[in-house]
Amino acid sequence: MLIARLRHHLLPKISKSQYGFMPQRSTEDSLYDLMKHIRKNLSAKKIITLVSLDIEGAFDSAWWPVIKTRLAEENCPVNLRRVIDSYLEGRSVRVRYAGEEYRKQTSKGCVQGSIGGPLLWNLLLDPLLKQLHNSGVYCQAFADDVVMVFDGESAADIERQANGALERVKAWGIDNKLKFAPHKTCAMVVTNRLKYDTPRLSMGGIAIEMSEDMKILGLTVDNKLTFNKHTAGVCRKALNMYKKLARTAKIGWGLHPDIIRLIYVAVVEPTIMYAASAWAPAVNKLGIKKQINTVQRGFAQKISKAYRTVSLNAALLLAGILPLDLRIKEAASLYEARKGVPLPALAGMEVETMAPAIDAPHPADRPGLSYISLVDQESVDQHSAYDVRIFTDGSKIEGKVGAALSMWNSGTETKALKLALSKYCTVYQAELLAICKATEVILDHRASSFGVYSDSMAALETVTNHSCLHPLAVKSRDNMRTISLQNKVVTLFWIKAHAGLEGNERADQLAKAAAVGSKRRPDYDQCPISFVKRSIRMSTLDEWNRRYVEGSTASITKLFFPSALTAYRTVRKMETKGVTTQILTGHGGFSEYLNRFKCKDNPSCRCEDGVVESIPHILLECPVYGYDRFCIEGELEIKLTAENISGIMESEQREKFLKYCERVAKRTIESNKTRV
């Protein structure tokens, strides 16, 4: 309760340069803005110098008198300051050893693990960030990690700016009993110039060493912005995971492919894709692509139970995972879309963004909101003693979206209101819009008591949860706060959908009519993040399909799946087996493959010398399996050819065909084990 009130008073005043422990801000925001600033100055052909400051024992050294002074400077209410004074008063450190105890009073330190520690630290550091910003220095902080960026036309310009700023930093530290360590402070020059002088920087008379790379919030930034070292580091971590996994997952036994896929998606991808928006342009470089592909190839082969000789193209397709470089670009595009950067795939549509957390009302002004669940007509009738009952609903039909309100007085509908949304909106948005519109109607209505009934529990949970910052939910809560000031009573209800409730059925009918019949401008057209994800994913799939089709590898796999788009939808429906993967890749116990890797002298099939024993041959031509082929063609009612295999794989007869393939493949593999 205390920190919630402190946040309300302090967060709007804290510098925008602070990214740590701030609502709706993260390490990726910090790194993205930093790289954006650096690239902007690089394009202007300037010399850029980054300086990363190190504060010794930052949180443990936060001096309480300064924190108290800062609370007064920011006009924090006296009652809250008194509580903080009491919170910090009389604290001591105790050490017990060998039966003895030593106690010492302390006057500094943000209590480790406390809820308020981060906020008090940000309050303490804030004057330094504002001082640097006002003097023209670009700086960023994530809690106690501070980075300053200087740019200029010459080393002398940077020396003058940086050394002056470093002295101000040191002086501020002395005033606030915080010690900056010059020997741990590092600097780096970033420039596109071929010839330049290196700035000489110092703090308190101690020279600051220049380095070729710098680790900032887990991202290794080098002086050429190649991100080679960062990629090598994260790929090394991923390969270590793969080596451990390889011991427990073999072609015929071990971890289930779904478990391996889960580990890959939940652990490996996030490790490599961390802060993708800051370094995504680097994945276009061939060297970085090779490192990423090496990691992904191993995991894809384990997921698909493929031989190590299977190509990346085939392994990715059969594992059902996207190329990692495209996933990195996808994550970067999604991040930029959330930030409001226009994307070609969205064709100018405005993306729905969450309301700013710092604009939230004071905790004491937030009404306690909840809803009551009603499951049948009897329970609805028991909760109908209101002047006005409003039933809300949202619907998506024929690719169109609509919402509606149905207002009732006693047993009669008094008013109906239809709302239209853009076709890319979701039913969830429609439900929220209907509730929001209901609160607007209540604001202007003369009645004193209202019941609002919705069949969307998700929408009601969002509206009643103050931490949810969906713009429609925030607007609904603002309206309900105003309604309470008008001395009106509003109660929210969840009712079961399609349960024959008269008001709900009427609202559902109106919502469908609004979706299908509306020809006017939409009442709400904000593009949901789910639609943005789908649009970006379609672009990713198109690029992957182009690579797959134009690639020179995976020739046997293309016989079954000529399109990566089709395969992406189909592969997840198939059971992953080692023998199935051997069939789909051609890499297995077949004469052609065995001869290629010097495991057999002759690639010929046992049906006839000189005829290569390949997957197309044994499935479509080999007379040894003629009876099996005749039987499956009768079941499928189609003659097997190289041209129609892909169509069978897309159809419901896929399982029958794969069983035939498995029978033939197992007999071939067993035969090759015994043949000399």
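Located above this text is the structure these notes cover.
Fair warning: this is a prediction, and the values are worked out from it, not measured in the lab. (Residues numbered from 1 in each chain as written. Predicted model: local features only at pLDDT ≥ 70, side-chain atom pairs only at ≥ 80, totals over all residues. Heavy atoms only, no water.)

(A) Highlighting the overall build of the protein. Per the secondary structure count, the protein includes 26 helices and 18 strands. Dimensions of the protein, computed from C-alpha atoms along their principal axes, come out at roughly 95 × 80 × 65 Å. Here the protein holds 676 residues, and the buried ones make up 50% of them. In the protein, the proportion of contacts linking residues at least 24 apart, taken out of those at least 6 apart, comes to 71%. The averaged location of the 73 negative side-chain charges in the protein is 4 Å from the averaged location of its 94 positive side-chain charges. (Helix = DSSP H or I, 4+ residues; strand = E, 2+ residues; numbered from the N terminus. Buried < 20%, exposed > 50% of the residue type's maximum accessible area, 1.4 Å probe, protein only. Contact = heavy atoms within 4.5 Å. Lys, Arg positive; Asp, Glu negative; His and termini not counted. Charge placed at Lys NZ, Arg CZ, Asp CG, Glu CD.)

(B) A look at the nonpolar core. If you look at the biggest cluster of nonpolar residues, it comprises 96 residues, and the most contacted ones within it are Phe560, Phe561, Leu619 and Phe657. Not counting chain neighbours up to four residues away, the residues in contact with Phe560 comprise Ile583, Leu584, Ile615, Leu619, Ile645, Ser646, Met649 and Phe657. Met22, Leu120, Phe150 and Ala162 belong to the second largest nonpolar core, which has 51 residues in total. (Core = buried A, V, L, I, M, F, W, Y, C linked by side-chain atoms within 4.5 Å.)

(C) Structural view of the sheet that holds strand β13 (residues 400-409). Taken together, the 6 strands give an open sheet; going across it, the order is β11-β16-β15-β12-β13-β14, and neighbouring strands pair in mixed fashion. Lying at the two open borders of the sheet, with one neighbouring strand each, are β11 (371-374) and β14 (412-421). Geometrically, the sheet is characterised by an average inter-axis angle of 25 degrees between neighbouring strands, direction not taken into account. Relative to strand β15 (residues 449-454), strand β12 (residues 388-397) runs parallel, the two sharing 5 bridges. (Pairing = 2+ DSSP bridges. Axes fitted to C-alpha atoms, helices over the stretch in contact; angles between N-to-C directions.)

(D) Representation of a nonpolar patch on the surface. Taken together, the side chains of Val93, Val95, Tyr97 and Tyr102 define a hydrophobic patch exposed on the protein surface, amounting to about 490 Å² of accessible area. With 3 residues, the top contributor of residues to the nonpolar patch is strand β2 (residues 92-97). For Val95, the position within the fold is in strand β2. A residue is classified by how much of its surface remains accessible, and Val95, at 48% relative accessible area, is partly exposed. (Patch = residues over 30% accessible without salt bridge, like charges linked within 9 Å, V, L, I, M, F, W, Y side chains within 5 Å. Areas by Shrake-Rupley, 256 points an atom, 1.4 Å probe, with all protein chains shown as cover. Salt bridge = Lys/Arg side-chain N within 4 Å of Asp/Glu carboxyl O.)

(E) Focus on helix α24 (residues 626-636). For α24, the set of buried residues is Asp628, Arg629, Ile632, Glu633 and Leu636. Along α24, the residues classed as buried sweep out an arc of 130 degrees about the axis, all on the same side. Away from the buried face of α24 by more than 90 degrees, exposed residues Tyr627 and Phe630 are located. Directly after α24, the chain includes Glu637, whose backbone phi takes a positive value near 60 degrees. (Arc of directions from axis to C-beta.)

(F) Spatial organisation of the environment of Trp172. With respect to the helices, strands and loops of the structure, Trp172 is situated in helix α6 (residues 155-175). Taking the C-alpha atoms as reference points, Trp172 and Asn479, 307 residues apart in sequence, are found 46 Å from one another. Not counting residues up to four positions away in its chain, the partners in contact with Trp172 are Leu124, Leu125, Pro127, Leu128, Gln131, Leu178 and Phe180.

(G) Representation of the sheet that holds strand β4 (residues 138-142) in the model. Strand order in the open sheet formed by 4 strands is β4-β5-β1-β6, with antiparallel pairing between adjacent strands. The open sheet has two free edges, formed respectively by β4 and β6 (186-190), since each of these has just one partner strand. Across the sheet, the axes of successive neighbouring strands diverge by a mean angle of 15 degrees, strand direction being ignored. Sitting on the sheet, helix α5 (residues 117-134) touches β4 and β5 (145-152), and the angle it makes with β4 is about 160 degrees. Contacting β1 (47-53) and β5, α6 crosses the sheet at an angle of about 150 degrees to β5.

(H) Molecular detail of helix α12 (residues 324-338). The terminal C-alpha atoms of α12 lie 21 Å apart, and with 15 residues this matches the ideal 21 Å at 1.5 Å per residue to within 8%. Buried residues of α12: Leu324, Asp325, Leu326, Arg327, Ile328, Glu330, Ala332, Leu334, Tyr335 and Ala337, and no others. On its buried side, α12 packs onto α2 (27-43), α8 (257-273), α9 (276-279), α10 (286-304) and α18 (529-550). Residue Gly340 follows α12 closely and has a positive phi angle near 95 degrees. (Expected span 1.5 Å × (residues − 1).)

(I) Broad picture of the pattern of salt bridges. Here the structure, examined in full by the defined rule, presents 28 salt bridges. Between Asp151 and Lys46 there is a salt bridge whose closest N-O contact spans 3.4 Å. A residue pair is termed long-range when its members are at least 10 positions apart, and Asp151 in strand β5 and Lys46 in the loop between α2 and β1 qualify at 105 residues. Taking the relative accessible area as the measure of exposure, Asp151 reaches 19% and is therefore buried. Asp508 is paired through a salt bridge with Lys512; the nearest N and O atoms lie 3.4 Å apart. One end of the pair is Asp508 and the other is Lys512, both in helix α17 (residues 502-517) and 4 residues apart, which spans about a single turn. A relative accessible area of 35% means that Lys512 is categorised as partly exposed. In this structure, a network of salt bridges that share partners links the residues Arg70, Glu73, Glu74, Asp126 and Lys130.

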